[in-house]
Amino acid sequence: MTRLIEPQPGILDIALYQGGASHVQGVDNVIKLSSNENPFGAPESAKIAFAKAAHNLHRYPNTDHANLRKAIAEVHGLDAERIICGVGSDEVITFLCQAYAGVGDEVIYTEHGFSMYKISARAVGAQPVCVPERERVVDVDAILAACSERTKLVFIANPANPTGTMIGQRDIAHLAANIPPQTILVLDGAYAEFVEGFDGGAALVESRDNVVMTRTFSKIYGLGGVRVGWGYGPKDIIDVLNRVRGPFNLSEPQLAAAEAAVKDRDWVEKCREDNTRLRAWLAEALMELGVPSDTSCANFILARFQDQAEAEACDEFLKQNGIIVRRVAGYGLPNCLRITVGDEASCRRVAHVIGQFRGEQAGV
């Protein structure tokens, strides 16, 4: 008897997530600027905490993440009871889709939005709905026009990836106030720490019952290899998410490193200041070479070329010179390259090599 084993509807529609490349065949000592990693790494305090936690690898971790949630709450002025921790903010996004969307429901994301929104929606059988942006910026009115009685979740990254653009608090508040009553607005703040004085949407979460904020330790904290994220929302929503969260989803070394990192405010301030300075320098240097970019509020710039062919040619030229950046055609930006802001030497190297590329194009 032949068995017909099939996955749930929507699973086979998922395109596999493609991470940033790390290697170039035949090239040693590459500069990796494809994954928006902190070029300065994690704070020393987090490394020490991680190593110390290794002495207890035979013990199960705490299931409620109480110490990490308390540390996050103290640093950001939040209620620890309304925080949930996950394996990166990706897992919190997955929890939201698992708990609040399913077959027959719709999940809205924007034209150049993070690909995990669509993947997580399809994984639960929901229909992802892509809403156009306006010149690479989230369009709140377009989102509201796309909402229906089937809309369960709206995902907004602010600052956005891979564009680096950002919308203001007034627009976000307007969106939260006008989405359908059955809809949750999810504010993805993976890059929020790169914006001085920005709370990532925490104040809006406090004032409303339909907004959830997600954050990560993978970017400014330099813990991409450890995978820790968190979410903040209304108590009843966080309670629901904890019901689908695995009890031991984070290990003790993960928890210890993240707790130490979030408490190390001097490190965060240093990394923010360095990123702001080098981001401005790199954007200006590329502009002088005829490669524009929108004002970025994150730790990367989205370099725009004349067309896809030129972008791909520049990417290949960079690879030949040991520099890996990110093509973003899969995000609807075929004429662009996303370039992580590295340390000063890396930024200068990028500008120099792109200058050489432009020179060759011009026949100089």
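Note: the structure precedes this text.
Residues numbered from 1 in each chain as written. Predicted model: local features only at pLDDT ≥ 70, side-chain atom pairs only at ≥ 80, totals over all residues. Heavy atoms only, no water.

### Concerning the overall build of the protein
Check the secondary structure of the protein and you find 12 helices and 12 strands. The C-alpha radius of gyration of the protein comes to 21 Å, within 12% of the 21 Å expected for a compact globule of 364 residues. The C-alpha extent of the protein, read off along each of the three principal axes, is 65 × 60 × 50 Å. A burial count over the protein gives 53% of its 364 residues as buried. Across the protein, contacts joining residues at least 24 apart in sequence account for 74% of those joining residues at least 6 apart. Roughly 16,600 Å² of accessible area belongs to the protein as shown, and the carbon and sulfur atoms make up 50% of that amount. A distance of 3 Å separates the average location of the 36 positive side-chain charges in the protein from that of its 46 negative side-chain charges. (Helix = DSSP H or I, 4+ residues; strand = E, 2+ residues; numbered from the N terminus. Rg over C-alpha atoms; globule rule 2.2 N^0.38 Å. Buried < 20%, exposed > 50% of the residue type's maximum accessible area, 1.4 Å probe, protein only. Contact = heavy atoms within 4.5 Å. Areas by Shrake-Rupley, 256 points an atom, 1.4 Å probe, with all protein chains shown as cover. Lys, Arg positive; Asp, Glu negative; His and termini not counted. Charge placed at Lys NZ, Arg CZ, Asp CG, Glu CD.)

### Observations regarding the pairing of strand β8 (residues 229-232)
One face of the sheet, then the other: side chains in a regular strand alternate in exactly this way. Of the two faces of β8, the one lined by G229 and G231 and the one lined by W230 and Y232 are each fully buried. Here strand β7 (residues 211-216) runs beside β8; their pairing, made up of four bridges, is antiparallel. For R215, the partnering residue across the bridge sits in β8 and is W230. (Pairing = 2+ DSSP bridges.)

### Topic: the layout of surface pockets
In this approach the atoms are scanned with a rolling probe the size of a water molecule, which exposes any empty space left behind. If you add up the space inside the second largest pocket, you get close to 360 Å³. When contributions to the lining of the second largest pocket are tallied by element, the ones reaching two or more residues are α4 (115-123) and β11 (326-327). Ranked by residue count, the leading element in the lining of the second largest pocket is α4, at four residues. Along the lines of polarity and charge, the residues of the lining of the second largest pocket split into 10 nonpolar, five polar and six charged. (1 Å grid on protein atoms, 1.4 Å probe; cavity = no way out; pocket = protein on both sides within 12 Å on 5 of 7 lines; lining within 4 Å. Points joined across faces, edges and corners; volume = space filled by probe spheres on them. Nonpolar A, V, L, I, M, F, W, Y, C, P; charged D, E, K, R; others polar.)

### Focus: the nonpolar core
Counting residues in hydrophobic clusters, the biggest one holds 58 residues, and the most contacted among them are I143, L185, F217, L223 and W230. If one sorts the elements of this core by residue count, helix α9 (residues 252-263) sits on top with seven residues. Counting 30 residues, the second largest nonpolar core, distinct from the first, contains V92, A157, V212 and I237. (Core = buried A, V, L, I, M, F, W, Y, C linked by side-chain atoms within 4.5 Å.)

### With respect to the side chain of S296
In this fold, S296 is placed in the loop between α10 (265-288) and β9 (300-304). Within the structure, the side chain of S296 is placed 3.2 Å from the backbone nitrogen of A298, a separation counted as a polar contact. In this structure S296 touches G164, R279 and I301, once residues within four positions along its chain are discounted. (Polar contact = N/O pair within 3.5 Å; in protein donor to acceptor, adjacent residues only side chain to side chain.)

### Remarks on the pattern of salt bridges
The final tally for this structure, using the stated rule, is 25 salt bridges. The residue E37 makes a salt bridge to K32 at a minimum N-O spacing of 3.0 Å. We classify E37 as partly exposed; its relative accessible area is 38%. Three or more residues joined by partner-sharing salt bridges are found here, namely K270, D274, R277, E344 and R348. (Salt bridge = Lys/Arg side-chain N within 4 Å of Asp/Glu carboxyl O.)

### Some points on the packing of aromatic side chains
Applying the stated criterion to the full structure yields seven aromatic pairs. Ring centres 4.9 Å apart and planes at 40 degrees place the aromatic pair F217 and Y221 in the tilted group. On the accessibility criterion, Y221 (3% relative accessible area) is buried. Every member of this aromatic cluster is reached through a ring pair, and the members are F114, Y117 and F155. Here the guanidinium or amino end of K270 rests over the ring plane of W267, the centre of that ring lying 5.6 Å away. (Phe/Tyr/Trp six-rings, centres within 6.5 Å; stacked < 30°, edge-to-face > 60°. Lys NZ or Arg CZ within 6 Å of the ring centre and 35° of its normal.)

### Focus on the sheet that holds β7
Read across the open sheet, the seven strands follow the order β2-β8-β7-β6-β5-β3-β4; overall the sheet is mixed. One side of each edge strand has no neighbouring strand; the edge strands of this open sheet are β2 (83-86) and β4 (127-131). Recorded for the sheet is a direction-independent mean angle of 20 degrees between the axes of neighbouring strands. As paired strands, strand β3 (residues 106-110) and strand β5 (residues 151-157) are joined by three bridges and run parallel to one another. Looking across to β5, one finds that I108 is bridged to V154. Each of β5, β6 (184-188) and β7 is contacted by helix α6 (residues 169-178), which is oriented at about 155 degrees to β6, the strand it contacts most. (Axes fitted to C-alpha atoms, helices over the stretch in contact; angles between N-to-C directions.)

### Some points on empty space enclosed by the protein
Tallied over the full model, the rule gives two cavities of 30 Å³ or more. Its volume calculated, the largest cavity comes out at about 80 Å³. What lines the largest cavity is E37, N38, P39, F40, F194, I220, C271, D274, N275, N299, V341 and G342. Taken together, the residues of the lining of the largest cavity break down into six nonpolar, four polar and two charged. Reported here for the second largest cavity is a volume of approximately 60 Å³. Every residue lining the second largest cavity is counted, 13 residues in all, and those nearest its centre are T110, G113, E133, A157 and A160. Tallying contributions element by element places β5 first for the lining of the second largest cavity, with three residues. For the lining of the second largest cavity, the class distribution of residues is seven nonpolar, five polar and one charged.

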